Amino acid sequence: MAAAKTRRALSTTAPDMDVFAGMGPEEVRAELGALTAHEMEKGDLLEPESATAAILVTAGRLAIDVGGGARERRTIGVTEEGEIIFTRRPAWAEGPETTLRALTRSEIVPVEMERLERWLHNPGSSRNLFAALNSQLAHREAALAIALEPTVEQRLLLKLRQLGQRWGQMTPDGIRLDLRLTHQDLADMVAAARESVTLAMGRLVDSGEISVEEQRILIRRT
């Protein structure tokens, strides 16, 4: 695993993590026992090692990217504190490698397969793991459907609505999205050039679909 900055930190407490929902503090500490936390600064990239089966996000927010360099990169998801990302891929499976990119200062905890299998044998954590996996699959399927839309403007609006459903705050005027995403971040999500996204954002503002103020996006009611 390569990250621009890392630090060793033994977890003595845990945030409200999806995988440990319903479990007591002592049980959570026992399950986390002696795992190493890695710190990431905004913009840092991390490619999970082959031995890593999953990653706990204990602080911050990260993009889940596939593909090569910046021109070929595609963002297929966003994850934040409290969630788990499954990174292990069967040897027979083909496809681009997954890279995690810190959107804010973040902390992650890699989990090896042996420990993940232990969690799967625990009735409480296994239910939480399957629920987390189902949620991730649903978001990936939605992202795939959005990618099939023919125009950047359509893909962008649908992506903003998808992000708003998960991360937004309901207001009388619509859903306020405060992820502070750049136009390049959005371009990576909809497989478009940054310049195309900038133009599409302008058209969506002009049509009244959205409004933007200091990277805060209001997705207006339809």
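Up top you'll find the structure we're talking about.
Owing to the predicted nature of the structure, the values given are computational and were not obtained by experimental measurement. Within every chain, residues take consecutive numbers counted from 1 along the sequence as written. The predicted origin of the model limits local features to residues at a pLDDT of at least 70 and limits the giving and counting of side-chain atom pairs to 80 or more, whereas totals for whole chains, interfaces and linings rest on all residues. Derived side-chain values reflect all non-hydrogen atoms in the structure, with water molecules and hydrogen atoms excluded from consideration.

Q: What am I meant to see in the sheet that holds strand β3 (residues 52–59) here?
A: Hydrogen bonding along the main chain pairs the strands of a sheet, whether they run parallel or antiparallel. The criterion for strand pairing is that DSSP finds at least two bridges linking the strands in question. Secondary structure elements are defined from DSSP: runs of H or I of at least 4 residues count as helices, runs of E of at least 2 residues count as strands, and each element is numbered from the N terminus. Ordered in space as β1-β8-β3-β6, the 4 strands form an open sheet in which the pairing is antiparallel. Either end of the sheet is taken by a strand with one partner, and the two such strands are β1 (38–40) and β6 (84–86). The sheet shows a mean angle of 30 degrees between the axes of neighbouring strands, direction not considered. Two strands pair when backbone bridges link them, and β3 and β6 are joined in this way by 3 bridges, in the antiparallel orientation. Paired with Ile55 across the strands is Ile85, a residue of β6. Should any heavy atoms of two residues lie within 4.5 Å, those residues are counted as being in contact. Here an axis means a line fitted to C-alpha atoms, over the contact stretch when the element is a helix, while the angle between two N-to-C directions is reported on a 0 to 180 degree scale. Most of the contacts of helix α2 (residues 113–120) go to strand β8 (residues 106–112), to which it runs at about 85 degrees, and overall it touches β3, β6 and β8.

Q: Please clarify how helix α1 (residues 25–32) should be interpreted in this entry.
A: Each α-helix winds once per 3.6 residues, and so residues spaced three or four apart point in a common direction. Considered for burial, the residues of α1 that qualify are Val28, Glu31 and Leu32. Buried residues of α1 fall within an arc of 95 degrees about the axis and therefore sit on the same side. In this structure, the buried side of α1 is in contact with β3 and α2. Just beyond α1, the residue with positive phi is Ala34, at close to 65 degrees. Only protein chains enter the accessibility calculation, which uses a 1.4 Å probe; a residue whose area is less than 20% of its type maximum is buried, one above 50% is exposed, and one in between is partly exposed. The arc in question is formed by the directions pointing from the helix axis toward the C-beta atoms.

Q: Help me understand unusual backbone geometry, please; the structure alone is not making it clear to me.
A: Glycine aside, the phi torsion of most residues is negative, and most peptide linkages are trans. Within the chain, Arg180 stands out as a residue other than glycine whose phi angle is a positive 55 degrees. If you trace the backbone, Arg180 turns up in the loop between β10 (174–177) and α5 (183–190). Take Arg180: its relative accessible area is 36%, and that puts it in the partly exposed class. Residue Ala191 is not a glycine yet carries a positive backbone phi of 55 degrees. Ala191 gets classed as partly exposed once you look at its relative accessible area, which sits at 48%.

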